[in-house]
Amino acid sequence: MKIDFNKNTDGLVPAIIQDVNTKNVLMLGYMNEEAYKQTVDTKKVTFFSRTKSRLWTKGEESGNFLNLIDIKVDCDNDTLLVSVKPVGPTCHKGTDTCWGEKNTSNFGFLSQLEEIIKDRKENADSKNSYVASLFEKGINKIAQKVGEEAVETVIEAKDNDDNLFLNESADLLFHYLILLKAKGFSLSDIANVLEKRH
């Protein structure tokens, strides 16, 4: 890996810090060649502090280290993407990220759908919301719907109509998310189980 530390007169390159599991950006720091080498050698992310004019290992005072997993350099060889496993909050203000966001797994639209299901469970009228009506009928009805959708998905898998198969698969996943919420779990819990098995 060739990093161009000489592109800027100060010899620093930006280092974007990303959680290896959640893929969330945790912070931005700067590394010179010495900070980079120390990071690689110690497996603890080390920056060059522009305010203190010295090397600074994240967590040296707080204990909230950033354990190095991997480093990639961009196409111009002047910006680093550093994958880490954080120990505790990353920001000096005590938050998970320097943008005040939680460092939780995000499954894109599926996470959005989980939030919609949660909202319908807690706030919607069962007369106006299919999801709320399922929650009102209880766990047995929700589990039954998952079973029905699973059977329909299997049937469509054996035919050649991709559109029907995809629609039944979407119905199955939607009802499974409802079942997870009814049991007090989320996709993150399932991902954790799969990760442990892996």
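It should be noted that the structure appears before, not after, this text.
Residues numbered from 1 in each chain as written. Predicted model: local features only at pLDDT ≥ 70, side-chain atom pairs only at ≥ 80, totals over all residues. Heavy atoms only, no water.

## Observations regarding the nonpolar core
- Membership of the largest hydrophobic core comes to 19 residues, with the highest contact counts inside it found for I17, M31, V45, F47, L66, L80 and V82.
- Of all hydrophobic cores here, the second largest spans 12 residues; its members include I117, I178, L179 and L180. (Core = buried A, V, L, I, M, F, W, Y, C linked by side-chain atoms within 4.5 Å. Buried < 20%, exposed > 50% of the residue type's maximum accessible area, 1.4 Å probe, protein only.)

## Some thoughts on the pairing of strand β6 (residues 80-86)
- Sheet topology places strand β1 (residues 13-19) next to β6; five bridges connect them, and they run parallel. In the sheet register, A15 faces β6, and the bridge partner there is L80.
- Direction of pairing for strand β5 (residues 66-73) relative to β6: antiparallel, over a ladder of seven bridges. In the strand pairing of β6, N67 is matched with K85. (Pairing = 2+ DSSP bridges. Helix = DSSP H or I, 4+ residues; strand = E, 2+ residues; numbered from the N terminus.)

## Here's the deal with the packing of aromatic side chains
- Per the stated rule, a full pass over the model turns up two aromatic pairs.
- Consider the rings of F5 and Y36, whose centres lie 6.3 Å apart with planes at 55 degrees: the pair is tilted. Residue F5 is located in the segment before β1, and its partner Y36 is located in helix α1 (residues 33-42); the two are separated by 31 residues in the primary sequence. Both residues of the pair, F5 and Y36, belong to the buried class.
- Positioned above the aromatic ring of F65 is the side chain of K44, whose terminal nitrogen or guanidinium carbon lies 5.0 Å from the ring centre. (Phe/Tyr/Trp six-rings, centres within 6.5 Å; stacked < 30°, edge-to-face > 60°. Lys NZ or Arg CZ within 6 Å of the ring centre and 35° of its normal.)

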